[in-house]
Amino acid sequence: MWFWVFVGPFAIGLALFTYVPLLWSVYLSFFDAHNTVSPTDFVGFGNYAAMLRDDAFTDSLLTFAVFSLFIVPATYALSLALAVMVHRTRRAKAFFRSVFFLPAACSYVVAALVWKLSVFNGVRFGLANTVLGWFGADQVAWLSTTDPPWYWLVIVTVRLWLQAGFYMVLFLAGLQRIPPQLYEAASVDGARPGWQVFRHITFPQLRATSVAVVLLLVINAFQAFDEFYNLLSDARGYPPYARPPLVYLYYTALGQGQNLGLGSAGAVILALIIAVVTLFQARWFGLGDREER
């Protein structure tokens, strides 16, 4: 009885606000649902076929691919470097761990607005343009310049600042699980501290943590919405470039047409892509194999 007393409210909320909407979204994807969540016109897989033929939707998937190529390796390298430095420091370790983790507690919306209005503001008062002015360079309209696409610098840096500390904590947990006897044995064998020890001992021992971090980074890249929407949208709407899948589905389902059936089909396709990519990565890295356990 006490199990259901404590777990019951959470389970009910999870069912009402997560699983029921998910199942209803799958249901809507098989209907012509314009401006309604209780449609009657069954269209089968017509919404799915329409989404796969939509160039805007496929372009949004390409936007995700570009974004993941930037953010996944950058976050992985930065968070691993921070974890190694914090792990090796002898003083104020808790302070540095807290400082680097603090941005993870910041709202994506707030961070995006700070980047947009203060750091990468397109006028000369923005921090980035102020620094460029010190060297005599011209001002840059960071979020509206498409050739070269400077907006990627803004999007990637804000996501990097927000999430590097979180993954640093995951790597710190992995570093603390490495037996110190391995380093002692390496020292006895004549291994030089630094890159040689990191390459042959530390990095291989972080394999399971690295796989988990990469999987989480790819999934989070698929779900990118807040920074894109708050950085690039304005009173005129959202520009045609740098539109990730969730932003496209947002305008499809909640825009002028409010085609909830089409948007739900796109959401299901996106969820299936995430699941397939995640499973492929897990199999590629051998996550869960007998040797891994």
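Everything in this summary refers to the structure shown in the same document.

About the cut-offs
- Residues numbered from 1 in each chain as written.
- Predicted model: local features only at pLDDT ≥ 70, side-chain atom pairs only at ≥ 80, totals over all residues.
- Heavy atoms only, no water.
- Helix = DSSP H or I, 4+ residues; strand = E, 2+ residues; numbered from the N terminus.
- Buried < 20%, exposed > 50% of the residue type's maximum accessible area, 1.4 Å probe, protein only.
- Phe/Tyr/Trp six-rings, centres within 6.5 Å; stacked < 30°, edge-to-face > 60°.
- Lys NZ or Arg CZ within 6 Å of the ring centre and 35° of its normal.
- Patch = residues over 30% accessible without salt bridge, like charges linked within 9 Å, V, L, I, M, F, W, Y side chains within 5 Å.
- Areas by Shrake-Rupley, 256 points an atom, 1.4 Å probe, with all protein chains shown as cover.
- Salt bridge = Lys/Arg side-chain N within 4 Å of Asp/Glu carboxyl O.
- 1 Å grid on protein atoms, 1.4 Å probe; cavity = no way out; pocket = protein on both sides within 12 Å on 5 of 7 lines; lining within 4 Å.
- Points joined across faces, edges and corners; volume = space filled by probe spheres on them.
- Nonpolar A, V, L, I, M, F, W, Y, C, P; charged D, E, K, R; others polar.
- Core = buried A, V, L, I, M, F, W, Y, C linked by side-chain atoms within 4.5 Å.
- Contact = heavy atoms within 4.5 Å.
- Axes fitted to C-alpha atoms, helices over the stretch in contact; angles between N-to-C directions.
- Parallel < 35°, antiparallel > 145°, perpendicular 65-115°, else oblique.
- Left-handed = near helix turned anticlockwise from the far one by under 90°.
- Expected span 1.5 Å × (residues − 1).
- Bend = angle between axes of the 7 residues up to and from the residue.

### Some words on unusual backbone geometry
Then comes step 1: Note the cis peptide between Asp147 and Pro148, where omega equals 0°.
Then comes step 2: On the secondary structure map, Pro148 appears in the loop between helix H6 (127-134) and helix H7 (151-176).
Then comes step 3: Although it is not a glycine, Ala92 adopts a positive phi angle of roughly 55°.
Then comes step 4: Structurally, Ala92 is set in the loop between helix H3 (55-88) and helix H4 (93-101).
Then comes step 5: You can call Ala92 partly exposed: its relative accessible area is 43%.
Then comes step 6: Unlike most non-glycine residues, Ala242 shows phi in positive territory, near 50°.

### Here's the deal with the packing of aromatic side chains
Then comes step 1: Throughout the structure, instances matching the rule amount to 30 aromatic pairs.
Then comes step 2: Between Tyr27 and Phe31, the aromatic rings sit 4.6 Å apart at their centres with planes inclined by 40°, giving tilted as the arrangement.
Then comes step 3: With relative accessibility at 34%, the residue Tyr27 sits in the partly exposed group.
Then comes step 4: Ring pairs connect the aromatic residues Phe67, Phe70, Tyr151, Trp152, Phe228 and Tyr241, which therefore count as one cluster.
Then comes step 5: Across the ring face of Tyr251, the terminal group of Arg243 is positioned such that the distance to the ring centre comes to 5.6 Å.

### Observations regarding a nonpolar patch on the surface
Then comes step 1: A cluster of nonpolar side chains, contributed by Met1, Trp2, Val5 and Phe6, occupies part of the molecular surface with about 550 Å² of accessible area.
Then comes step 2: By secondary structure assignment, the location of Phe6 is in helix H1 (residues 2-28).

### A closer look at the layout of surface pockets
Think of a ball as big as a water molecule: rolled over the atoms, this probe shows where empty space is left.
Then comes step 1: The computed volume of the largest pocket comes to approximately 670 Å³.
Then comes step 2: If you trace the largest pocket, you find 23 residues lining it, with Leu22, Ser25, Gly263, Ser264 and Ala267 closest to the centre.
Then comes step 3: Broken down by secondary-structure element, the contributors of at least two residues to the lining of the largest pocket are H1, helix H12 (245-254) and helix H13 (260-285).
Then comes step 4: Examining the composition of the lining of the largest pocket, we find that nine residues originate from one element, H13, more than from any other.
Then comes step 5: Split by residue class, the lining of the largest pocket holds 18 nonpolar, five polar and no charged.
Then comes step 6: Within this model, the second largest pocket holds a volume of roughly 290 Å³.
Then comes step 7: Lining the second largest pocket are 17 residues; nearest its centre among them are Leu143, Ser144, Leu232, Asp234 and Arg236.
Then comes step 8: Its residues placed into classes, the lining of the second largest pocket shows nine nonpolar, five polar and three charged.

### Some thoughts on the nonpolar core
Then comes step 1: Residues Met51, Phe67, Tyr151, Ile155, Phe228, Leu231 and Leu232 are the most contacted members of the largest nonpolar core, which totals 61 residues.
Then comes step 2: Of all the secondary structure elements, the ones that give two or more residues to this core are helix H2 (46-53), H3, helix H5 (108-119), H7, helix H10 (207-222), helix H11 (226-232), H12 and H13.
Then comes step 3: Among the elements that make up this core, the one with the highest residue count is H7 (13 residues).
Then comes step 4: Setting aside its immediate chain neighbours within four residues, Tyr151 contacts Trp142, Leu143, Thr145, Thr146, Leu232, Tyr241 and Ala242.

### Structural notes on the packing of H1 against H13
Relative placement of two packed helices is described by the angle separating their axes and the distance separating the axes.
Then comes step 1: The contact between H1 and H13 brings their axes to 7 Å, and the two run at 115°. Viewed along their axes, H1 and H13 adopt a mutual orientation that is roughly perpendicular. By crossing handedness, the relation of H1 to H13 is classed as left-handed. On H13, the residues that touch Ser25, Val26 and Leu28 of H1 are Leu260, Gly261, Ser264 and Val268.

### Considering H7
Then comes step 1: In this model H7 runs 38 Å from its N-terminal to its C-terminal C-alpha over 26 residues, within 8% of the 38 Å that 1.5 Å per residue would give.
Then comes step 2: Remark: the principal bend of H7, roughly 35°, maps to Gln163.

### Considerations on the side chain of Thr75
Then comes step 1: Take Thr75: it is sitting in helix H3.
Then comes step 2: Beyond its immediate chain neighbours, meaning those up to four positions away, Thr75 contacts Leu160, Gln163, Ala164, Tyr167 and Leu217.

### Some points on the environment of Phe45
Then comes step 1: Note on placement: Phe45 falls in the loop between H1 and H2.
Then comes step 2: For Phe45, a relative accessible area of 61% gives the class exposed.
Then comes step 3: Taking the C-alpha atoms as reference points, Phe45 and Phe30, separated by 15 residues in sequence, lie 6.1 Å from one another.

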